[in-house]
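# Working through the structure, step by step
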Amino acid sequence: MDGNLGIAELMTGLGARAREASRELAYAPSAQKDAALRAAAAAITETRDAILAANAEDMAVATAAGLSGAMLDRLLLTDDRVAAMAEGLRAVAAQADPVGQVLADWRQPNGLHIRRVRTPIGVIGVIFESRPNVTADAGALCLKAGNAAILRGGSESLRSARAIHAALVEGLRAAGLPEAAIQLVPTSDRAAVGAMLTMTDFIDVIVPRGGKGLVGRVRAEARVPVFAHLEGIVHVYVDRAADLAKARKVILNAKTRRTGICGAAECLLIDRAFFEACGAPFITDLVEAGVEVRGDDALQGLPGVVPADDADWGREYLDMIVAARLVEGVDGAIAHIRRYGSNHTDCVLTEDDAVAARFFERLDSAILMRNASTQFADGGEFGMGAEIGIATGKLHARGPVGAEQLTSFKYLVEGDGAIRA
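Calculation notes
- Residues numbered from 1 in each chain as written.
- Predicted model: local features only at pLDDT ≥ 70, side-chain atom pairs only at ≥ 80, totals over all residues.
- Heavy atoms only, no water.
- Pairing = 2+ DSSP bridges.
- Helix = DSSP H or I, 4+ residues; strand = E, 2+ residues; numbered from the N terminus.
- Axes fitted to C-alpha atoms, helices over the stretch in contact; angles between N-to-C directions.
- Contact = heavy atoms within 4.5 Å.
- Buried < 20%, exposed > 50% of the residue type's maximum accessible area, 1.4 Å probe, protein only.
- Arc of directions from axis to C-beta.
- Polar contact = N/O pair within 3.5 Å; in protein donor to acceptor, adjacent residues only side chain to side chain.
- Salt bridge = Lys/Arg side-chain N within 4 Å of Asp/Glu carboxyl O.
- Parallel < 35°, antiparallel > 145°, perpendicular 65-115°, else oblique.
- Left-handed = near helix turned anticlockwise from the far one by under 90°.
- Nonpolar A, V, L, I, M, F, W, Y, C, P; charged D, E, K, R; others polar.

## Topic: the sheet that holds strand β8 (residues 265-271)
- A sheet is described by the order of its strands in space; here seven strands give the open sequence β10-β9-β11-β8-β7-β12-β13, paired in parallel fashion. Strand pairing shows two members of the sheet lacking a second neighbour, β10 (305-307) and β13 (367-370), which therefore form its edges. Strand-to-strand twist across the sheet, computed as the mean angle between neighbouring axes with direction ignored, equals 25°.
- For strand β7 (residues 234-238) and β8, the ladder comprises five bridges, and the chain directions are parallel. Residue pairing across strands places H235 opposite C267, the latter belonging to β8.
- Lying over the sheet, helix α13 (residues 329-340) contacts β7, β8, β11 (321-327) and β12 (345-349), oriented at roughly 170° with respect to β7.

Right, dumping it as structure tokens:
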């Protein structure tokens, strides 16, 4: 059989089963969906050793292939991370069901009673790289919102994803929901991605979660609508009215807690007036923590700082590297972020309310923060239980995409024999 024909048949089968499952999920009771999530969480806990063993195999292959430290960190599962996956499923189960929520309710003078209510989107295709935990997060959120999911993980995480997916299927089975509600593409063949991007008969929206190459391909080739998740070119601006103690704590955490996540700080902007008054002890903190600081001309005299070049502005390192430069006040920071940012997450460190308001008002990133680590750019930290990604587009979903963002709406219109003149 021709390889591409085989992939086409495989993906068509997945799509048809997902579409059929989505029709049942659209009216599945909240209690049944939540029971599936809790059973899946229990299955993840019970099969922890098998999940970790599968992940160890993925890690060995990825290490031999020379994946970067950041990519390996994304791929790695530990006891704590497996426990966090299970807890994430329980947290999603504990949330209110978005399906059927009334968004608006009004009566027209002609007697019509109109309600706008949340409804599932249908079938969600999720394409992701490295992070096997996305299997659990994406599957859980799609299910909570009454959607069927087709998940396509990267080749580097396929063994781990299969082990996690098996636990999700066990949860569906235990709750009496169709096993096709959450399907994992069983091949690492890149042709499967191309097929998903054109499956307009079966997939209602694609969510890409990965690097610039993946997202670029999805946006270029997709015929299915896309929730874009672009690079996390995350900026932290230190204003002249920043509290130095807060700044040192926040900056170090924003860069070093986990360098491989999209909320990690990648560029540090420092108000020149602050630098002239207080210096930049947070740069010393970063250097001492092992971060390579690539600074502009004004910062290159600081111990440990190496010269930055033009390619360092607007770059997502996902590593122990950060770019740093001086700017002229908040407007200088805004101008830099507008030019080099990715509309993901940006932060201002200031005690001046007017500066914070100007930063919030004049930037259009999906997430804007004040005096808080950008590592909080995460659906779980936003109280969503988990997230399917951080959408940086402007239509439908934006910022952390949780269950609520995986719904659309419909209008329910009731009359009493109403006719239109």
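## Regarding helix α14 (residues 353-362)
- Within the sequence span of α14, burial applies to V355, A356 and F359. Considered in projection along α14, the buried side chains sweep an arc of 100° and stay on one side of the axis. In α14, the exposed residues that point more than 90 degrees away from the buried face are D353, A354 and E361.
- Considering only its buried residues, α14 is in contact with β7, α13, β12 and β13.
- By the N-cap criterion, in which a side-chain oxygen at the helix start approaches the backbone nitrogen of a residue two or three places on, α14 is capped by D352, the distance to A354 being 2.9 Å.

## What about unusual backbone geometry?
- Phi is positive for L318, which is not a glycine, with a value near 50°.
- Note that L318 resides in the loop between β10 and β11.
- Classification of L318 by relative accessible area gives buried; the value is 15%.
- In this structure, N343 takes a positive phi of about 60° despite not being glycine.
- Within the secondary structure, N343 is located in the loop between α13 and β12.
- Classification of N343 as partly exposed rests on a relative accessible area of 35%.

## What about the pattern of salt bridges?
- Scanning the model with the defined rule gives 29 salt bridges in all.
- The salt bridge involving R258 is made with D73; its shortest N-O contact spans 3.2 Å. With R258 in the loop between α10 (244-256) and β8 and D73 in helix α4 (residues 69-75), the pair connects residues that are 185 residues apart, well separated along the chain.
- Given a relative accessible area of 24%, R258 falls into the partly exposed group.
- For the salt bridge of R115 with E414, the shortest nitrogen-to-oxygen distance reads 3.3 Å.

## Some details on the packing of α13 against α14
- Packing of α13 against α14 leaves a shortest axis separation of 10 Å and a crossing angle of 20°. By the angle class used here, α13 and α14 are roughly parallel. Crossing of α13 against α14: the hand is right-handed. Packed against α13, whose contacting residues are V330, D331, I334, I337 and R338, the element α14 presents V355, R358, F359 and R362 at the interface.
- Partitioning the contact of α13 with α14 into residue classes produces five nonpolar, no polar and four charged.

## Quick notes on the pairing of β11
- Burial analysis of β11 places six of its seven residues in the buried class, the great majority of the element.
- Bridge count between β8 and β11: five bridges; the pairing is parallel. Counted as the bridge partner of L268 is A324 from β11.
- Bridging between strand β9 (residues 292-295) and β11 involves four bridges; their strand directions are parallel. Counterpart to G295 in the pairing with β11 is A324.

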